[in-house]
Amino acid sequence: MNILNLIRWKNLLMIAFVQLLIKYALFQPFLETTELTITLNGFGFGLLVLSTLCIAAAGNIINDIYDVETDLVNRPAKVIIGKKISEKTAYTLFIILNVIGVLIGFYLSHLVGRSGFFAIFVIISAMLYIYASYLKQMVLLGNIVISILVGLSILIVGVFELMPAITDQNQTTQLTFFKILFDYALFAFLINLVREMIKDLEDIDGDYKSGMNTLPIAIGRERASKLAFGVSLLPLFGSMYYVATYLLNYELFIGYFIVLIVVPLIYIAGKSYHAKTKKHFHHISNMLKLVMLFGMLSLLLYPIVLK
């Protein structure tokens, strides 16, 4: 159980769930009714999910290794490394999971006939290490990088499922579905960016004692809170624009987005503007997790309203 907590199994389940939604809710139902073509069978897709989870798990481990000092202040009850699992064991797990994830990525890249795609896995693995060891301490840059990687966990499904199967005949359809994926990846990027900023506000005490230079330390808690409020408006207005532009004729989509995305994001924006305490920021962080989940669950609506 300690190892499961170390790799943050709940977050990993979320990644796997979203990738499964993309394949079986967004892609699979349209294979017979459109020119959509996908590349991976069930086994190949399972390997893609496994590779993503291994690299993400390794990233969580190295992040915890570098965050021990900070976490001892911010969340001492949840510290695992040094208390329940030794740092040496954690490093060993980090290396093993990275090697497995990258090797599977190497195999998959050749399986789909795009050997260059292997670089994606190497870059993601390297960026997770650089984020934990260096970028996390830099104002906003670490927040942006980790949020890009969250978006990539969505986009990588399109890269392996859609891009290798593009032909002159199906190019328009393939790109249409890739555009849908890109919009969801952008939504995930923005939601995670707000959440990273909120977490920095929540963890300011431990970060300050560790000598980190996060946004609230650099510009002050109140200014950072107002900036987080401003950024929280981006997914709000982006979601409204997406529905108004692409889904205005589908009442189910409109109702879903208003109730489960727009209204919660308005609530989050209001809370971000007035938040003062660690408890406030923790609540906002949890709300953002819920909005991310509801945003991804909206993929289930596409087969219902578009068929």
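This text follows the structure it describes.
Residues numbered from 1 in each chain as written. Predicted model: local features only at pLDDT ≥ 70, side-chain atom pairs only at ≥ 80, totals over all residues. Heavy atoms only, no water.

## Topic: the packing of helix H2 (residues 9-27) against helix H8 (residues 171-202)
Right, on to step 1. For the pair H2 and H8, interaxial distance at closest approach is 12 Å and the crossing angle is 135 degrees. Classed by the angle they form, the pair H2 and H8 counts as oblique. Handedness of the crossing formed by H2 with H8: right-handed. Along its contact with H2, which presents Ile22, Leu26 and Phe27, the element H8 presents Phe177, Ile180 and Leu181.
Right, on to step 2. Of the residues belonging to the contact of H2 with H8, the class tally is six nonpolar, no polar and no charged. (Axes fitted to C-alpha atoms, helices over the stretch in contact; angles between N-to-C directions. Helix = DSSP H or I, 4+ residues; strand = E, 2+ residues; numbered from the N terminus. Parallel < 35°, antiparallel > 145°, perpendicular 65-115°, else oblique. Left-handed = near helix turned anticlockwise from the far one by under 90°. Contact = heavy atoms within 4.5 Å. Nonpolar A, V, L, I, M, F, W, Y, C, P; charged D, E, K, R; others polar.)

## Some points on helix H7 (residues 141-161)
Right, on to step 1. Look at H7: 30 Å from first C-alpha to last across 21 residues, which is about the 30 Å you get at 1.5 Å a residue.
Right, on to step 2. Of all the bends in H7, the greatest, near 40 degrees, is centred on Ile154.
Right, on to step 3. Taking burial as the measure, the 21 residues of H7 include 16 buried ones, the bulk of the element. (Expected span 1.5 Å × (residues − 1). Bend = angle between axes of the 7 residues up to and from the residue. Buried < 20%, exposed > 50% of the residue type's maximum accessible area, 1.4 Å probe, protein only.)

## Details of the nonpolar core
Right, on to step 1. Ranked by size, the top nonpolar core spans 79 residues in total, and within it Phe27, Leu48, Phe160 and Tyr302 carry the most contacts.
Right, on to step 2. Among the elements that take part in this core, H8 stands out by supplying 16 residues, more than any other.
Right, on to step 3. Phe27 has contacts with Ile22, Leu36, Ile38, Val157, Glu161, Leu162, Phe177 and Leu181, leaving out every residue within four places of it along the chain.
Right, on to step 4. Grouped together as the second largest cluster of nonpolar side chains are 17 residues, Ile7, Leu12, Ala56 and Ile61 included. (Core = buried A, V, L, I, M, F, W, Y, C linked by side-chain atoms within 4.5 Å.)

## Comments concerning the side chain of Asn170
Right, on to step 1. Of note, Asn170 is situated in the loop between H7 and H8.
Right, on to step 2. Of note is the side chain of Asn170, whose polar atom sits 3.0 Å from the backbone oxygen of Ala165.
Right, on to step 3. Apart from the residues lying within four places of it in its own chain, the contact partners of Asn170 are Glu35, Thr37 and Ala165. (Polar contact = N/O pair within 3.5 Å; in protein donor to acceptor, adjacent residues only side chain to side chain.)

## What to know about the packing of aromatic side chains
Right, on to step 1. Using the criterion set out here, one finds 17 aromatic pairs in the structure.
Right, on to step 2. When the ring of Phe253 is compared with that of Tyr302, the centres are 4.9 Å apart and the planes differ by 65 degrees; the resulting orientation is edge-to-face. With Phe253 in helix H12 (residues 251-274) and Tyr302 in helix H14 (residues 302-306), this pair connects stretches of sequence that are 49 residues apart.
Right, on to step 3. Given the relative accessible area of 0%, Phe253 is considered buried.
Right, on to step 4. Accessibility expressed as a relative area gives 2% for Tyr302, which makes it buried. (Phe/Tyr/Trp six-rings, centres within 6.5 Å; stacked < 30°, edge-to-face > 60°.)

## Digging into unusual backbone geometry
Right, on to step 1. One non-glycine residue, Arg8, lies in the positive phi region at around 55 degrees.
Right, on to step 2. Note that Arg8 resides in the loop between helix H1 (2-6) and H2.
Right, on to step 3. Despite not being glycine, Leu140 has its phi angle at roughly 65 degrees, a positive value.
Right, on to step 4. Mapping Leu140 onto the fold places it in the loop between helix H6 (118-133) and H7.

## Remarks on the pattern of salt bridges
Right, on to step 1. A full pass over the atoms with the stated rule returns seven salt bridges.
Right, on to step 2. Between Lys23 and Glu161 there is a salt bridge whose closest N-O contact spans 2.7 Å. Taken as a pair, Lys23 in helix H2 and Glu161 in helix H7 lie far apart in primary sequence, 138 residues in all.
Right, on to step 3. Here Asp67 and Lys136 are joined by a salt bridge, their closest N and O atoms 2.2 Å apart. Residue Asp67 is found in the loop between helix H3 (42-66) and helix H4 (68-74), and its partner Lys136 is found in the loop between H6 and H7; the two are separated by 69 residues along the sequence. (Salt bridge = Lys/Arg side-chain N within 4 Å of Asp/Glu carboxyl O.)

## Side note on the environment of Asn98
Right, on to step 1. The topology assignment puts Asn98 in helix H5 (residues 87-111).
Right, on to step 2. Setting aside its immediate chain neighbours within four residues, Asn98 contacts Ile55, Ala58 and Ser125.

## A look at the side chain of Ser225
Right, on to step 1. The topology assignment puts Ser225 in helix H11 (residues 221-246).
Right, on to step 2. Contacts of Ser225, omitting those with residues within four sequence positions, involve Leu201, Ser272, Tyr273, Ala275 and Phe281.

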